[in-house]
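What the coordinates show
One letter stands for each residue in the lines below.
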Amino acid sequence: QQFGCLAMNNVCAGTDAAALVRKQRAADAGGIEVAVAALQAHPQVAEVQEEGCAALVNVCSGADGAGRARKQRAADAGAIEALVVAMQAHPQ
């Protein structure tokens, strides 16, 4: 889970047009939901929490309509609650 989230984070990094396409491809493939599932399945594993949060940051970034839709998709998938649990469990 840690390395899957790390890989998605790296693949989706960037703000250029190609990066926005990669972010959307990751979302279309279910990347948002699997990142949230990883956070939920491993709440005490700091490395999974760190990489899962980073993956969501990158996949959900973007100010265009697609970026806003990815943010909403993450919220609908339970990302907000999973991120709060991660921050509470790993405050350092």
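The present account deals with the structure reproduced in this document. In this text the structure is predicted, and so the values were computed from the model without any measurement. (Residues numbered from 1 in each chain as written. Predicted model: local features only at pLDDT ≥ 70, side-chain atom pairs only at ≥ 80, totals over all residues. Heavy atoms only, no water.)

Each helix and strand in the protein chain was counted, giving 6 helices and 0 strands. Each helix and strand of the protein chain, placed in order from N terminus to C terminus, yields the pattern α-α-α-α-α-α. Scaling as 2.2 N^0.38, a compact globule of 92 residues should have a C-alpha radius of gyration of about 12 Å, and the protein chain matches this with 12 Å. If one aligns the C-alpha atoms of the protein chain with their principal axes, the spans along those axes are about 35 × 25 × 25 Å. Of the contacts formed within the protein chain by residues at least 6 apart in sequence, a portion of 64% connects residues at least 24 apart. When the accessible area of the protein chain is evaluated, it comes to approximately 5100 Å², of which 61% is carbon and sulfur surface. (Helix = DSSP H or I, 4+ residues; strand = E, 2+ residues; numbered from the N terminus. Rg over C-alpha atoms; globule rule 2.2 N^0.38 Å. Contact = heavy atoms within 4.5 Å. Areas by Shrake-Rupley, 256 points an atom, 1.4 Å probe, with all protein chains shown as cover.)

This part is about the nonpolar core. Core analysis: the largest hydrophobic core is formed by 18 residues, its most contacted members being Met 8, Ile 32, Leu 56 and Val 59. If you list the elements that add at least two residues to this core, you get helix H1 (2-11), helix H2 (17-28), helix H3 (31-41), helix H4 (46-60) and helix H6 (79-89). Beyond its immediate stretch of four places on either side in the chain, Ile 32 contacts Ala 26, Ala 27, Leu 56, Val 59, Cys 60, Arg 70, Arg 73, Ala 74 and Ala 77. (Core = buried A, V, L, I, M, F, W, Y, C linked by side-chain atoms within 4.5 Å. Buried < 20%, exposed > 50% of the residue type's maximum accessible area, 1.4 Å probe, protein only.)

In this section: the environment of Val 45. Counting through the fold element by element, Val 45 comes out in the loop between H3 and H4. When its relative accessible area of 34% is taken as the criterion, Val 45 is described as partly exposed. Residues Val 45 and Ala 17 lie 28 residues apart in sequence; the distance between their C-alpha atoms is 34 Å.

Note on placement: Arg 70 falls in helix H5 (residues 65-76). One buried charged side chain, Arg 70, makes no salt bridge at all; its nearest oppositely charged neighbour is Asp 64, positioned 4.5 Å away. Residue contacts for Arg 70: discarding those within four places in its chain leaves Leu 20, Lys 23, Gln 24, Ala 27, Ile 32, Val 59, Cys 60, Ser 61 and Gly 62. (Lys, Arg positive; Asp, Glu negative; His and termini not counted. Salt bridge = Lys/Arg side-chain N within 4 Å of Asp/Glu carboxyl O.)

Within the sequence span of H1, burial applies to Cys 5, Met 8 and Asn 9. In an axial view of H1, the angular spread of the buried residues amounts to 105°, which keeps them on one side of the axis. Exposed residues pointing more than 90 degrees away from the buried face of H1 are listed as Phe 3 and Asn 10. For H1, the secondary structure elements touched by its buried residues are H2, H3 and H4. (Arc of directions from axis to C-beta.)

Now for the packing of H3 against H6. For the pair H3 and H6, interaxial distance at closest approach is 9 Å and the crossing angle is 40°. Here the hand of the crossing between H3 and H6 comes out left-handed. Contact residues: Val 36, Leu 39 and Gln 40 in H3; Ala 79, Ala 82 and Leu 83 in H6. (Axes fitted to C-alpha atoms, helices over the stretch in contact; angles between N-to-C directions. Left-handed = near helix turned anticlockwise from the far one by under 90°.)

Residue position: Asn 9 is located in helix H1. On the accessibility criterion, Asn 9 (12% relative accessible area) is buried. Within polar-contact distance, the side chain of Asn 9 engages the side chain of Asn 58 at 2.3 Å. Setting aside chain neighbours within four positions, we find Asn 9 in contact with Glu 51, Ala 54, Ala 55 and Asn 58. (Polar contact = N/O pair within 3.5 Å; in protein donor to acceptor, adjacent residues only side chain to side chain.)

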